[in-house]
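# Notes for the structure review
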Amino acid sequence: MKNDYLKFHELTVKLVKIGGTIAYDNTLWYGSVAQPGDEVKDEFLQPVGNAVVEFNSFIAADPRIESSIVSVGDGVTLCRRLY
């Protein structure tokens, strides 16, 4: 589940070599990540969307990687481990 992405990221960074690539899917979550949380009315999208927003914010601030969200499908975040 998307709520586990932060846990997966911590484990994955330890396994991937410096310079290696990590990819995460569905990081745009039907576009709901671009909307304020109170504007997302769908009961399915909101809780998961909140977790994806938290994950995206964490990835953006993680100094161990550089990342980019690619707007293919429902969003793919590509990360490269720096150290």
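To start, this report covers the structure provided alongside it. In this text the structure is predicted, and so the values were computed from the model without any measurement.

### Details of the overall build of the chain
Across its full length, the chain carries two helices and three strands. Counting from the amino terminus, the chain carries its helices and strands in the arrangement α-β-α-β-β. Carbon and sulfur atoms make up 58% of the accessible area of the chain, which totals about 5,200 Å².

### Topic: the pattern of salt bridges
In total, this model carries four salt bridges according to the counting rule given. A salt bridge links Arg64 to Asp62; its shortest N-O distance comes to 2.8 Å. Accessibility assignment for this pair places Arg64 and Asp62 in one class, buried. In this structure, Arg80 engages Glu66 in a salt bridge whose closest nitrogen and oxygen atoms are separated by 2.7 Å. On the criterion of sequence distance, the pair formed by Arg80 in strand E3 (residues 76-81) and Glu66 in strand E2 (residues 65-70) is long-range, its members being 14 residues apart. Judged by relative accessible area, which is 36%, Arg80 ranks as partly exposed.

### Observations regarding unusual backbone geometry
In the Ramachandran plot, Asn26 falls in the positive-phi region, its phi being about 60 degrees despite a non-glycine side chain. Position of Asn26 among the secondary structure elements: in the loop between strand E1 (21-25) and helix H2 (45-61).

### Some points on the environment of Pro63
Examined against the element boundaries, Pro63 turns out to sit in the loop between H2 and E2. On the basis of relative accessible area, Pro63 is assigned to the exposed category, the value being 53%. When the C-alpha positions of Pro63 and Arg81 are compared, they lie 9.1 Å apart, and in sequence the two are 18 residues distant. Beyond its immediate chain neighbours, meaning those up to four positions away, Pro63 contacts Leu82 and Tyr83.

So, how was this worked out
Numbers given to residues run from 1 along each chain, matching the order in which its sequence is written. With the structure being a predicted model, the display of local features is reserved for residues of pLDDT at least 70 and the display and counting of side-chain atom pairs for 80 or more, all residues being used for whole-chain, interface and lining totals. Processing note: side-chain calculations cover all non-hydrogen atoms of the structure and skip hydrogens and water entirely. Numbering goes from the N terminus for both helices and strands, where a helix is a DSSP run of H or I of at least four residues and a strand is a run of E of at least two. Calculation of accessible area relied on Shrake-Rupley with a 1.4 Å probe; when residues are assessed, cover is drawn exclusively from the protein chains displayed. Salt bridges are identified by distance alone: a Lys or Arg side-chain nitrogen within 4 Å of an Asp or Glu carboxyl oxygen. Only protein chains enter the calculation, and the probe is 1.4 Å; a residue is then buried if its accessible area is under 20% of its type maximum, exposed if over 50%, and partly exposed in between. Note on contacts: a residue pair qualifies if any of its non-hydrogen atoms lie within 4.5 Å across the two residues.

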